[in-house]
Amino acid sequence: MGMDKSTLVALIIEDTEDDVIMLVRELQHIGYKVCYRCVDNMADLIEALNDVRMGWQVVFSDFTMPAFDGLEALKLVRQHNADIPFIFVSGTLGEDKAVQAVKEGAQDYIVKGSLKRLHAAIPRELRESENRRKRREVEAQLDYLTKYDEVTSLPNRALYMRHLHQAIARGADNGRMTGIMHINLDGFREINHGFGSDAGDQLLRDVARRLTECAGPDNLVARLAGDDFAVVIPDIGDQQALNDSVQSIFTCFQGPYSVSGYDLCIGASAGVSVSPLHGDNIDQLQRSASLAMHHAKQGGGKTLELFDPKMREKMHQRTRMERALRRATEHGEFALHYQPQVDLRSGEIVAVEALIRWTDPEFGPVPPPEFIPIAEESGLILPIGQWALTEACRQHKAWVSDLGAQITPRMAINVSPFQFRQRNLPLLITSALNAHEMAPASLEIEITESALLHDQDETWRIIHTLSDAGIRISLDDFGTGYSSLSYLKRFPVDALKIDREFVEDLPQGKDSIAIVRSVISIAQHLGLTVVAEGVETREQMAFVKQAGCPLVQGYYFHRPVEAQQLSLLLASSDPFADQLKDR
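Residues numbered from 1 in each chain as written. Predicted model: local features only at pLDDT ≥ 70, side-chain atom pairs only at ≥ 80, totals over all residues. Heavy atoms only, no water.

### Regarding helix 13 (residues 381–403)
Since one α-helical turn is 3.6 residues long, residues separated by three or four positions face the same way. For helix 13, spanning 23 residues, the distance from its first C-alpha to its last is 32 Å, which sits close to the expected 33 Å at 1.5 Å a residue. Regarding helix 13, the residues found buried are Ile381, Ile384, Gly385, Ala388, Leu389, Glu391, Ala392, Cys393, Gln395, His396 and Trp399. Looking one or two residues past helix 13, glycine 404 carries a phi angle of roughly 100°, positive in sign. (Helix = DSSP H or I, 4+ residues; strand = E, 2+ residues; numbered from the N terminus. Expected span 1.5 Å × (residues − 1). Buried < 20%, exposed > 50% of the residue type's maximum accessible area, 1.4 Å probe, protein only.)

So, in structure tokens, the structure goes:
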């Protein structure tokens with residue numbers, strides 16, 4: 001209903017007419033044109049709250065009434081509206097009851113003989129109510145972005161993982177199986193490049209819709225990333241039921257899809273695994289389904305593969321690699337390369353990230369994504385991580401000695417979630433700093449969001465201990481899995497690093513644009529530094545700079561290099577003048 005600024009739409013919970021008249025007169029005396037309804041029982045209150053036409057702005061309530069209780073009224077109002085100001089106006093409210101009322105969610109209490117306090121209370125509470133509403137809307141939008149994919153509106157990886165964990169646990173309790181499908185579209189990259197990203201996004205939405213329809217209400221469909229989808233199939237009784245379900249779901253790729261006016265047959269490669277047959281935890285199931293999906297794609301695509309233990313042949317190679325990794329740990333076969341973080345405003349190198357490298361006599365150069373997971377699973381990440389920390393501190397001291405403290409940038413180093421399971425981690429880190437005469441402020445610890453999930457109380461203690469010592473904390477790969485704004489409120493984080501998977505789609509990918517801008521906005525509002533990783537093109541650099549991201553890291557400026565090569569870069573007066581030059 002249309003109201004001018006002086007109108008106050010009030011719901012009054014009161015059983016005494018004279019008190020209602022006194023309250024309304026005082027509100028009118030203040031300057032409000034009062035539009036109100038008075039109720040004195042639960043049924044009428046519920047009816048009034050359900051009347052959305054009124055648009056209640058404030059609720060006034062007596063505390064004690066013959067047929068109704070003020071606290072019960074407060075509970076009902078809060079169930080309908082968490083933000084509307086609720087003010088007790090009572091002559092019987094003692095101090096203890098007043099404190100209880102505020103704890104239960106009331107904004108204020110006013111004695112019936114002191115209604116003049118309404119003059120200040122009403123505008124204050126109306127402002128606070130609007131602030132709460134806006135804050136709740138922003139939080140709801142951000143919460144949505146952490147759970148759902150913006151392009152398809154499907155659950156994202158984080159929500160999928162939580163749902164899968166719950167489904168496996170229920171299946172184990174009930175003696176039922178849980179299946180998962182990993183699905184990757186065949187030829188999507190060519191479609192996306194040939195028809196444009198808008199057409200690609202529309203195709204993803206169409207696939208999501210058909211997958212959801214074919215999967216039915218009992219199965220969860222998620223978009224994991226890019227053109228990767230997953231389906232959780234819970235409560236499976238036998239192998240035949242699993243086969244029937246996955247075949248039914250896969251039929252969504254039988255008919256053509258309309259892409260920019262063309263009817264195209266879109267194929268897909270899918271892999272299926274089932275718990276407990278192929279593993280009784282998420283990691284094993286994920287690996288089995290992914291392995292089956294890659295097996296299907298390597299066979300030409302457009303097919304569905306159930307995981308077969310014979311596919312584990314590659315697992316044997318992993319075992320060989322673990323043995324080699326153990327030997328490398330014992331013999332010190334690792335090296336650190338360093339990649340600069342550049343301040344787009346000044347062109348200065350403000351930090352360098354230490355990145356571990358390994359070249360094995362048998363396997364040759366092994367990329368970190370291949371050996372780090374093996375190191376984590378085998379426990380070797382602990383000695384490897386400690387070596388990397390010690391070596392990074394040693395190198396920082398060498399740079400200070402050669403170049404001077406003013407030129408030497410901050411050293412950033414990744415700490416694995418598994419290292420956070422060491423209760424003495426703060427002591428290990430400070431000991432490395434002391435051994436190399438390195439100031440705590442010169443070290444930045446990069447952690448992933450998954451590190452915050454394991455034993456949050458102990459992780460909180462470790463991170464606070466490090467932060468209190470003056471060590472910077474940055475949250476790496478922000479937004480890729482378990483993003484939660486509560487982590488940013490609870491843990492003393494100094495910086496957020498936007499993961500390269502969001503940067504690589506810039507400036508074309510709409511979902512990446514939304515996520516990157518949201519992360520930058522979150523960081524700015526929380527007073528955090530934000531770093532964009534994986535910046536490889538001038539266009540990406542220009543976009544993140546325009547969006548308000550001050551620091552970047554990536555191949556556009558410099559690849560990770562050995563310390564000696566980076567020393568030359570640090571000694572240069574203006575190493576990135578060409579990359580930052582306006583064109």
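More follows now that the structure is in view.
### Points about the packing of helix 18 (residues 510–526) against helix 19 (residues 538–546)
Their axes nearest at 10 Å, the elements helix 18 and helix 19 cross at an angle of 45°. With respect to helix 19, the element helix 18 is oriented oblique. Considering the relative orientation of helix 18 and helix 19, their crossing is right-handed. Counting all contacts with helix 18, which are made through Ile513, Val516, Arg517 and Ile520, the residues of helix 19 involved are Phe543, Val544 and Gln546. When grouped by side-chain class, the residues that make up the contact of helix 18 with helix 19 number 5 nonpolar, 1 polar and 1 charged. (Axes fitted to C-alpha atoms, helices over the stretch in contact; angles between N-to-C directions. Parallel < 35°, antiparallel > 145°, perpendicular 65-115°, else oblique. Left-handed = near helix turned anticlockwise from the far one by under 90°. Contact = heavy atoms within 4.5 Å. Nonpolar A, V, L, I, M, F, W, Y, C, P; charged D, E, K, R; others polar.)

### Section: the side chain of histidine 278
By the secondary structure assignment, histidine 278 is in the loop between strand 11 (268–275) and helix 10 (282–298). Apart from the residues lying within four places of it in its own chain, the contact partners of histidine 278 are Ser273, Gln284, Leu285, Ser288, Leu306, Phe307 and Arg312.

### Re the pattern of salt bridges
This model, assessed by the stated rule, comprises 31 salt bridges. A salt bridge links glutamate 130 to lysine 134; the shortest N-O distance between them is 4.0 Å. Taken together, the residues glutamate 130 and lysine 134, both in helix 5 (residues 118–147) and 4 residues apart, mark about one turn of the helix. Exposure remark for glutamate 130: the relative accessible area of 31% places this residue in the partly exposed category. Residue lysine 134 is classed as partly exposed on the basis of its relative accessible area, which comes to 45%. In this structure, lysine 497 engages glutamate 533 in a salt bridge whose closest nitrogen and oxygen atoms are separated by 3.1 Å. Here lysine 497 is found in strand 19 (residues 495–498), whereas its partner glutamate 533 is found in the loop between strand 20 (529–532) and helix 19, with 36 residues between them in sequence. Note on glutamate 533: relative accessible area 5%, which makes it buried. (Salt bridge = Lys/Arg side-chain N within 4 Å of Asp/Glu carboxyl O.)

### Here's the deal with the environment of arginine 312
Mapped onto the elements of the fold, arginine 312 is located in the loop between strand 12 (303–306) and helix 11 (313–331). Classification of arginine 312 by relative accessible area gives partly exposed; the value is 29%. On a C-alpha basis, the gap between arginine 312 and isoleucine 191 in space is 32 Å, while along the polypeptide they are 121 residues apart.

### Things to note about the sheet that holds strand 4 (residues 86–90)
The strand order across the open sheet formed by 5 strands is 2-1-3-4-5, and the pairing between neighbours is parallel. On the outer flanks of this sheet lie strand 2 (33–39) and strand 5 (108–111), each paired with one strand and no other. Averaged over all adjacent pairs, the angle separating strand axes in this sheet is 25°, with direction ignored. In this sheet, strand 2 lies alongside strand 1 (residues 7–13) in parallel orientation, the contact comprising 7 bridges. Across the sheet, residue isoleucine 13 finds its bridge partner in strand 2, namely valine 39. (Pairing = 2+ DSSP bridges.)

### Focus: a negative patch on the surface
Together, Glu501, Glu504, Asp505 and Glu536 make up a region of like negative charge exposed at the surface. On the secondary structure map, glutamate 504 appears in the loop between helix 17 (500–503) and helix 18. (Patch = residues over 30% accessible without salt bridge, like charges linked within 9 Å, V, L, I, M, F, W, Y side chains within 5 Å. Areas by Shrake-Rupley, 256 points an atom, 1.4 Å probe, with all protein chains shown as cover. Lys, Arg positive; Asp, Glu negative; His and termini not counted. Charge placed at Lys NZ, Arg CZ, Asp CG, Glu CD.)

### With respect to unusual backbone geometry
The amide bond that connects serine 275 to the next residue, proline 276, takes the cis arrangement and shows omega of 5°. Looking at where proline 276 falls in the secondary structure, it is placed in the loop between strand 11 and helix 10. Across the junction of leucine 506 and proline 507, the peptide omega takes the value 0°, indicating a cis bond. Structurally, proline 507 can be placed in the loop between helix 17 and helix 18.

### Section: the side chain of aspartate 360
Relative to the helices and strands, aspartate 360 is located in strand 14 (residues 349–360). Among the polar contacts made by the side chain of aspartate 360, one reaches the side chain of arginine 327 at a distance of 2.8 Å. Among the polar contacts made by the side chain of aspartate 360, one reaches the main-chain amide nitrogen of phenylalanine 363 at a distance of 2.9 Å. Once residues within four sequence positions are removed from consideration, aspartate 360 is found in contact with Ala324, Arg327, Glu333 and Val366. (Polar contact = N/O pair within 3.5 Å; in protein donor to acceptor, adjacent residues only side chain to side chain.)

### So, the packing of aromatic side chains
Within a pair of aromatic rings, the relevant descriptors are the distance that separates the centres and the angle that separates the planes. Summed over all chains, the structure comprises 10 aromatic pairs. A ring pair is formed by tyrosine 338 and tryptophan 399, whose centres lie 5.1 Å apart and whose planes are at 70°; its orientation type is edge-to-face. A residue pair is termed long-range when its members are at least 10 positions apart, and tyrosine 338 in strand 13 (residues 334–343) and tryptophan 399 in helix 13 qualify at 61 residues. The exposure classification of tyrosine 338 matches that of tryptophan 399, with both residues buried. Centroid distance tyrosine 556 to phenylalanine 557: 5.1 Å. Interplanar angle 85°. Geometry classified as edge-to-face. As far as burial versus exposure is concerned, tyrosine 556 and phenylalanine 557 are alike and both buried. Members of the aromatic cluster, joined through ring pairs, are Phe334, Trp358, Phe371 and Trp387. Its end group placed over the ring of tyrosine 257, arginine 210 keeps NZ or CZ at 3.7 Å from the ring centre. (Phe/Tyr/Trp six-rings, centres within 6.5 Å; stacked < 30°, edge-to-face > 60°. Lys NZ or Arg CZ within 6 Å of the ring centre and 35° of its normal.)

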